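Geometric and topological summary
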Amino acid sequence: MSSSHDIEIYVRSCGVIVGATRVDFYDLLRVLSGITRLDLNMIPARCGCHKLDRHLITALVERCRPETHTFHFPIGEVIITLQDVAIIWGLSMEGEPVKCQEPNRTKIEWRAYCHQWLGFRPHESEMRTKISILLSSLSDRLKHIPDIDIDTPQEAVDQYARGCALLLLGGLMMPDSNRCSVSLLYLGFLENVTRAGTYSWESVVLADLYRELCTASQVDKNTIAGALSLLHIWALSRIIAVQPMNISTMLLSKKNQKYNK
């Protein structure tokens with residue numbers, strides 16, 4: 001089963017990596033402050049760097065039942081919950097709902113909108129649709145922004161923080177089915193950097209994952225999007241049978257089995 005991991009997006013404690021492009025922002029204290037105000041600062045530190053186990057994701061999709069939004073196992077039914085998201089990613093369970101309606105803007109107006117809130121005007125080739133920008137183009141733009149120091153205007157710092165937040169939203173938290181772009185509709189919630197942290201990002205991430213699991217479980221579907229990294233970490237922490245075992249633990253287990261015999 002294909003997934004959003006096809007674009008090789010990793011998040012580390014020092015930045016975001018999209019493909020071969022790395023965007024460092026956590027060594028910039030002023031940008032870190034902006035990411036903290038957006039309430040997304042805990043995700044990179046808690047996510048780490050790992051590759052998705054596609055076989056595990058496929059097995060979970062096959063066990064998913066849309067009627068109850070649960071995974072059916074021989075021992076019973078389980079599902080990832082809001083509490084799991086809070087523990088794994090550190091997102092708040094409280095806040096305003098994330099809901100929006102697409103504004104009636106032309107592609108030129110959307111590019112001007114990016115210039116206002118992100119600090120650059122993307123080329124037409126960088127726009128996948130009139131309301132979505134390629135993740136690789138966004139990361140390249142952030143990479144070539146001049147260094148941020150104590151003399152950098154706060155507006156430029158906020159624009160950089162919004163770009164990093166878009167990478168997290170479109171590359172990790174809520175990647176869409178095309179696996180290479182992020183909707184600019186999210187940018188509407190990031191205009192006010194201070195207020196952006198009051199939204200319930202946890203709820204929308206989990207709702208999006210539920211929807212993607214239900215869609216992917218249909219017979220005629222063979223792709224899946226959504227917060228698969230979150231699902232992967234949850235499965236490894238909650239399902240003992242799929243937890244990886246290191247060599248020393250395996251040898252010790254075999255030694256104990258031999259001794260018990």
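Residues numbered from 1 in each chain as written. Predicted model: local features only at pLDDT ≥ 70, side-chain atom pairs only at ≥ 80, totals over all residues. Heavy atoms only, no water.

**Topic: the confidence of the model for the protein chain**
Should pLDDT be low for a region, the predicted coordinates there are not to be read in detail. Averaged over all residues, the pLDDT of the protein chain is 77; the fraction at 70 or higher stands at 74%. Model confidence for the protein chain, summarised as mean pLDDT per element, is weakest for strand β1 (residues 9–12) at 38 and strongest for helix α5 (residues 107–118) at 92. (pLDDT = per-residue confidence, 0-100. Helix = DSSP H or I, 4+ residues; strand = E, 2+ residues; numbered from the N terminus.)

**Focus: the sheet that holds strand β7 (residues 127–129)**
Whether parallel or antiparallel, the strands of a sheet pair through hydrogen bonds between backbone atoms. Spatially, three strands are ordered β7-β8-β9 in an open sheet, and the strand pairing comes out antiparallel. What marks the edges here is a single partner per strand, and that holds for β7 and β9 (181–183). Looking at each pair of strands side by side, their axes are set apart by 35 degrees on average, direction ignored. Sheet analysis places strand β8 (residues 132–134) next to β9, joined by three bridges and oriented antiparallel. Following the sheet pairing, Ser 132 is matched in β9 by Ser 183. Along the sheet, helix α6 (residues 135–143) makes contact with β8 and β9, crossing β8 at roughly 70 degrees. (Pairing = 2+ DSSP bridges. Axes fitted to C-alpha atoms, helices over the stretch in contact; angles between N-to-C directions. Contact = heavy atoms within 4.5 Å.)

**Describing the side chain of Arg 162**
With respect to the element layout, Arg 162 can be found in helix α7 (residues 154–173). Nearest to the buried, unbridged Arg 162 among oppositely charged side chains is Asp 158, at 4.7 Å. (Buried < 20%, exposed > 50% of the residue type's maximum accessible area, 1.4 Å probe, protein only. Lys, Arg positive; Asp, Glu negative; His and termini not counted. Salt bridge = Lys/Arg side-chain N within 4 Å of Asp/Glu carboxyl O.)

**Focus on the pattern of salt bridges**
For the structure on display, the rule yields six salt bridges. Arg 211 is the partner of Asp 208 in a salt bridge, and the nearest nitrogen-oxygen pair spans 2.6 Å. Here the residue Asp 208 and the residue Arg 211 both occupy positions in helix α9 (residues 201–216), the gap between them amounting to three residues, near one helical turn. Among the residues examined, Asp 208 registers a relative accessible area of 9% and is labelled buried. Overall, the relative accessible area of 51% leaves Arg 211 in the exposed class. One salt bridge in this structure joins Arg 211 and Glu 212, with 3.8 Å as the shortest N-O distance. Through salt bridges with shared partners, a single ionic network connects Asp 208, Arg 211 and Glu 212.

**Describing the packing of helix α4 (residues 82–89) against α9**
Helix-helix packing is characterised by the crossing angle of the two axes and by the distance between the axes. Between α4 and α9, whose axes approach to 10 Å, the crossing angle comes to 115 degrees. Comparing the axis directions of α4 and α9 gives the class roughly perpendicular. Judged by the twist between their axes, the crossing of α4 over α9 is right-handed. Along its contact with α4, which presents Leu 82, Gln 83, Val 85, Ala 86 and Trp 89, the element α9 presents Glu 202, Ser 203, Val 205 and Leu 206. Its residues placed into classes, the contact of α4 with α9 shows six nonpolar, two polar and one charged. (Parallel < 35°, antiparallel > 145°, perpendicular 65-115°, else oblique. Left-handed = near helix turned anticlockwise from the far one by under 90°. Nonpolar A, V, L, I, M, F, W, Y, C, P; charged D, E, K, R; others polar.)

**Some words on the pairing of strand β5 (residues 70–73)**
Where strand β4 (residues 64–65) lies against β5, two bridges are found, and the strand directions are antiparallel. Residue Arg 65 lies in a different strand from β5, and its bridge partner there is Thr 70. Bridge count for β5 against strand β6 (residues 76–78) is three bridges, and the pairing is antiparallel. Each residue of the ladder has a partner; that of Phe 71, found in β6, is Val 78. Hairpin connection between β5 and β6: a loop of two residues separates the two successive antiparallel strands.

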